[in-house]
Amino acid sequence: MIIDLPTSAYYPERSENLLHLAASMCFELVHQTESWGYEHDEETLEAYWQRTQPTLSNALTLVQQAQEMGLKGRIASVSPYLLISKEPRDWPRGSDKQDLPFSTFRTVDAGDLPKIHDTVCLPRLTEEQKALFEEIRSHRNIIVHHGSSQPLTAGDVLRYILRTFTWLHLGNNWFAKRDDYLSDDPLATLYSNDHVPSKLMFEFEALFSELSPQDFQSIFGANKRQRWYLCPHCQSNSGDADVSDIETAQLVPNLPTSTNIHCIVCDQDHFVSRQDCSDINCKGNVIAKSSYGDDFCLTCNGRQDS
Ligand SMILES: [Zn+2]
Ligand SMILES: [Zn+2]
């Protein structure tokens with residue numbers, strides 16, 4: 001018998017974990033360019049991104065592995081035996097005489113996963129999903145075997161991460177999952193997870209600047225160009241970190257009379273009243289109650305005169 005078969009949760013969990021690890025690597029690189037209040041000139045930034053290529057390339061490898069794990073998970077949900085490659089004569093010696101763990105059998109080549117998936121799983125992969133799988137595989141192969149003429153950017157890898165997440169972990173909210181991941185990281189063991197809400201907002205800011213409007217729309221279902229507002233929940237949850245200029249919420253529906261905003265980061269809706277901000281220099285007209293019960297403007301963060 002083959003023993004220690006992977007559980008149905010093993011591959012999806014591993015896949016998601018790899019995506020979060022890759023995302024942390026990219027966010028850290030972006031964060032470093034903005035830390036300490038430095039304004040770096042273009043030449044310095046170019047030299048910096050050049051030196052980040054090995055890290056970004058490693059992050060891309062993790063995304064590729066995450067895709068493979070995701071596909072293996074779907075195939076294994078039909079039967080994990082479909083993942084075992086080779087003819088029976090190539091199986092480990094004595095597999096018919098003793099129990100051997102699944103890990104001692106060679107598994108199918110990554111390049112065959114889409115074909116196996118589409119043979120045994122429904123729905124089949126879309127052309128777009130197959131293209132994404134191939135794009136990352138070939139991008140990675142070019143870097144490994146020939147070196148890339150076109151440097152990788154953190155934005156490239158973040159786009160791959162988010163598109164892969166949307167594809168393989170459909171129905172899950174990126175920021176909710178990211179919250180779980182960061183709340184469970186070693187830092188949370190040493191201290192607490194108080195740092196997580198503000199970290200999520202800084203990550204939102206990085207994604208906002210790195211993703212194109214098209215990618216942002218397809219991943220988060222939000223129009224980057226629509227007006228953004230501060231989220232009362234995220235603002236009051238972020239402790240001492242200065243996130244007062246990070247706007248994460250939009251009016252839904254986007255109408256002049258709308259009294260509801262939705263935040264991409266905490267995935268919450270909030271009631272807002274539509275009245276002009278009491279600061280004559282502010283054009284905002286979306287006002288919410290803070291956790292202390294006073295009114296403040298979601299454009300300038302200013303407390304409203306009562
Ligand atoms: Zn929020
Ligand atoms: Zn205002």
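Everything that follows concerns the structure shown earlier in this document.
In what follows, the accompanying structure is described.

The rules behind each value
- Residues numbered from 1 in each chain as written.
- Chains lettered and ligands numbered in written order.
- Predicted model: local features only at pLDDT ≥ 70, side-chain atom pairs only at ≥ 80, totals over all residues.
- Heavy atoms only, no water.
- Helix = DSSP H or I, 4+ residues; strand = E, 2+ residues; numbered from the N terminus.
- Contact = heavy atoms within 4.5 Å.
- Lys, Arg positive; Asp, Glu negative; His and termini not counted.
- Charge placed at Lys NZ, Arg CZ, Asp CG, Glu CD.
- Salt bridge = Lys/Arg side-chain N within 4 Å of Asp/Glu carboxyl O.
- Buried < 20%, exposed > 50% of the residue type's maximum accessible area, 1.4 Å probe, protein only.
- Donors = N, O, S within 2.8 Å, 3.2 Å for Na, K, Ca; no water.
- Tetrahedral: all angles 85-135°; square planar, octahedral: opposite > 155°, others 65-115°.
- Arc of directions from axis to C-beta.
- Polar contact = N/O pair within 3.5 Å; in protein donor to acceptor, adjacent residues only side chain to side chain.
- Patch = residues over 30% accessible without salt bridge, like charges linked within 9 Å, V, L, I, M, F, W, Y side chains within 5 Å.
- Areas by Shrake-Rupley, 256 points an atom, 1.4 Å probe, with all protein chains shown as cover.
- Core = buried A, V, L, I, M, F, W, Y, C linked by side-chain atoms within 4.5 Å.

### A short note on the overall build of the protein chain
In step 1: Counting secondary structure elements, the protein chain contains 11 helices and 7 strands.
In step 2: Based on the C-alpha atoms only, the size of the protein chain along its principal axes is roughly 80 × 45 × 45 Å.
In step 3: Intrachain contacts of the protein chain at a sequence separation of at least 6 include 57% that bridge at least 24 residues.
In step 4: Where the 26 positive side-chain charges of the protein chain centre and where its 43 negative ones centre are 9 Å apart.

### Details of the pattern of salt bridges
In step 1: Taken as a whole and assessed by the stated rule, the structure comprises 10 salt bridges.
In step 2: For the salt bridge of Glu127 with Lys130, the shortest nitrogen-to-oxygen distance reads 3.7 Å. With Glu127 and Lys130 both in helix 5 (residues 127-146) and 3 residues apart, this pair spans about one turn of that helix.
In step 3: The exposed category is assigned to Glu127, whose relative accessible area is 59%.
In step 4: Between Glu134 and Arg137 there is a salt bridge whose closest N-O contact spans 3.6 Å. Remark: Arg137 and Glu134 occur in helix 5; sequence separation between them is 3 residues, near one turn of the helix.
In step 5: One continuous salt-bridge network, built from bridges that share partners, spans Asp118, Glu127 and Lys130.

### Let's talk about the coordination of the zinc ion (ligand 2)
In step 1: Of the protein atoms, only Cys277 (SG), Cys282 (SG), Cys297 (SG) and Cys300 (SG) coordinate the zinc ion (ligand 2), at distances of 2.3 to 2.4 Å.
In step 2: All donors of the zinc ion (ligand 2) belong to a single chain; written as a sequence motif, their spacing is C-x4-C-x14-C-x2-C.
In step 3: Under the relative-accessibility criterion, Cys282 is labelled buried at 13%.

### A closer look at the coordination of the zinc ion (ligand 1)
In step 1: Within the protein, the zinc ion (ligand 1) binds to Cys231 (SG), Cys234 (SG), Cys263 (SG) and Cys266 (SG); these donor distances fall in the range 2.3 to 2.4 Å.
In step 2: Around the zinc ion (ligand 1), the 4 donor atoms sit at angles spanning 103 to 116°, and that spread fits a shape best called tetrahedral.
In step 3: Sequence spacing of the donors to the zinc ion (ligand 1): C-x2-C-x28-C-x2-C. The residues Cys231 and Cys234 share a single accessibility class, namely buried.

### Side note on helix 7 (residues 174-183)
In step 1: Those residues of helix 7 that fall on the buried side of the exposure criterion are Trp174, Phe175, Arg178, Tyr181 and Leu182. Viewed along the axis of helix 7, the buried residues span an arc of 115°, placing them on a single side of the element.
In step 2: Close packing links the buried residues of helix 7 with helix 1 (10-34), helix 6 (154-168), helix 8 (186-190), helix 9 (196-210) and helix 10 (213-220).
In step 3: Where helix 7 starts, the residue carrying a side-chain oxygen 2.8 Å from the main-chain nitrogen of Phe175 turns out to be Asn173.

### Some thoughts on unusual backbone geometry
In step 1: Between Leu122 and the following residue, Pro123, the backbone shows a cis peptide bond with an omega angle of -5°.
In step 2: A cis amide bond links Val252 with the next residue in sequence, Pro253, at an omega value of -5°.
In step 3: With respect to the helices, strands and loops of the structure, Pro253 is situated in the loop between strand 3 (249-251) and strand 4 (260-263).
In step 4: Within the chain, Asp4 stands out as a residue other than glycine whose phi angle is a positive 55°.

### A closer look at a negative patch on the surface
In step 1: On the surface, Glu34, Glu205, Asp242 and Asp245 cluster together into a negatively charged patch.
In step 2: Among the secondary structure elements, Asp242 is positioned in the loop between helix 11 (232-237) and strand 3.

### Observations concerning the nonpolar core
In step 1: Ile161, Trp174, Phe175, Leu207, Phe220 and Leu298 are the most contacted members of the largest nonpolar core, which has 79 residues in total.
In step 2: Sort the elements by how many residues they give to this core and helix 3 (residues 53-78) lands first, with 10 residues.
In step 3: Dropping the residues within four chain positions of it, Leu298 is found in contact with Tyr229, Leu230, Pro232, Glu247, Ile261, Val272, Val286 and Ala288.

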